[in-house]
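# Report on the structure
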Amino acid sequence: MDLVAGVGRVVVLMEHVARRKDGGEDLKLLPACTLPLTGVGVVDLIITDLCVLEVTPDGLRLLELAPGVTVEEVQAKTAARLDVAAAKLA
């Protein structure tokens, strides 16, 4: 069943990276999905523990940072194209 069919807006809430048992991290926000898809191009907004991202045709637009998080940290933990021009830094 496709849970996003026919909806007006899709917001994803997730952890920004996957934490491995060895203490490392795997990036989750990639340039392209590596898993099977049922709803392509339907996500409008992604809210993670680090930031808020808007999904655009050109990639991800950083809208807001969590307290204590830097733009550089978000960029380092995001493999997808990231536009930081609109970010709220205060």
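These numbers come from a predicted model, not from an experiment. (Residues numbered from 1 in each chain as written. Predicted model: local features only at pLDDT ≥ 70, side-chain atom pairs only at ≥ 80, totals over all residues. Heavy atoms only, no water.)

### Digging into the overall build of the protein
Of the regular secondary structure elements, the protein holds one helix and seven strands. Its C-alpha atoms give the protein a radius of gyration of 14 Å, within 12% of the compact-globule value 12 Å for 90 residues. Across its three principal axes, the protein shows a C-alpha extent of roughly 40 × 35 × 20 Å. The proportion of buried residues among the 90 residues of the protein is 28%. If you take every contact in the protein between residues at least 6 apart in sequence, the share linking residues at least 24 apart comes to 44%. Accessible surface, the protein as shown: approximately 6,200 Å² in total, 57% of it carbon and sulfur. Mean positive and mean negative side-chain charge positions of the protein (9 and 13 charges, respectively) differ by 2 Å. (Helix = DSSP H or I, 4+ residues; strand = E, 2+ residues; numbered from the N terminus. Rg over C-alpha atoms; globule rule 2.2 N^0.38 Å. Buried < 20%, exposed > 50% of the residue type's maximum accessible area, 1.4 Å probe, protein only. Contact = heavy atoms within 4.5 Å. Areas by Shrake-Rupley, 256 points an atom, 1.4 Å probe, with all protein chains shown as cover. Lys, Arg positive; Asp, Glu negative; His and termini not counted. Charge placed at Lys NZ, Arg CZ, Asp CG, Glu CD.)

### Some points on the pattern of salt bridges
In this structure the tally under the stated criterion is eight salt bridges. In this structure, E25 engages K77 in a salt bridge whose closest nitrogen and oxygen atoms are separated by 3.5 Å. With a gap of 52 residues between them, E25 in strand β3 (residues 25-27) and K77 in the loop between α1 (71-76) and β7 (82-83) connect regions that are remote in the sequence. For E54, the salt bridge is made with R61, and the minimal N-O distance between the two is 2.9 Å. For R61, a relative accessible area of 27% corresponds to the partly exposed category. Each of the salt bridges in this network shares a partner with another, and the network as a whole consists of R19, E25, D49, E73 and K77. (Salt bridge = Lys/Arg side-chain N within 4 Å of Asp/Glu carboxyl O.)

### Some points on the sheet that holds strand β6 (residues 59-65)
Within a sheet, each strand pairs with its neighbour through backbone hydrogen bonds, oriented either parallel or antiparallel. Taken together, the five strands give an open sheet; going across it, the order is β1-β4-β5-β6-β7, and neighbouring strands pair in mixed fashion. Two strands in the sheet have a free side with no partner beyond their single neighbour: β1 (11-13) and β7. Bridge count between strand β5 (residues 51-56) and β6: six bridges; the pairing is antiparallel. Considered in β6, the bridge of V55 is made with L60. (Pairing = 2+ DSSP bridges.)

### Some points on the pairing of β5
Pairing analysis gives three bridges linking strand β4 (residues 45-47) to β5, with the strands arranged antiparallel. Considered in β5, the bridge of I46 is made with L53. Remark: three residues form the turn of the hairpin made by β4 and β5, two consecutive strands paired antiparallel. Counting the residues between successive antiparallel strands, the hairpin from β5 to β6 contains two residues.

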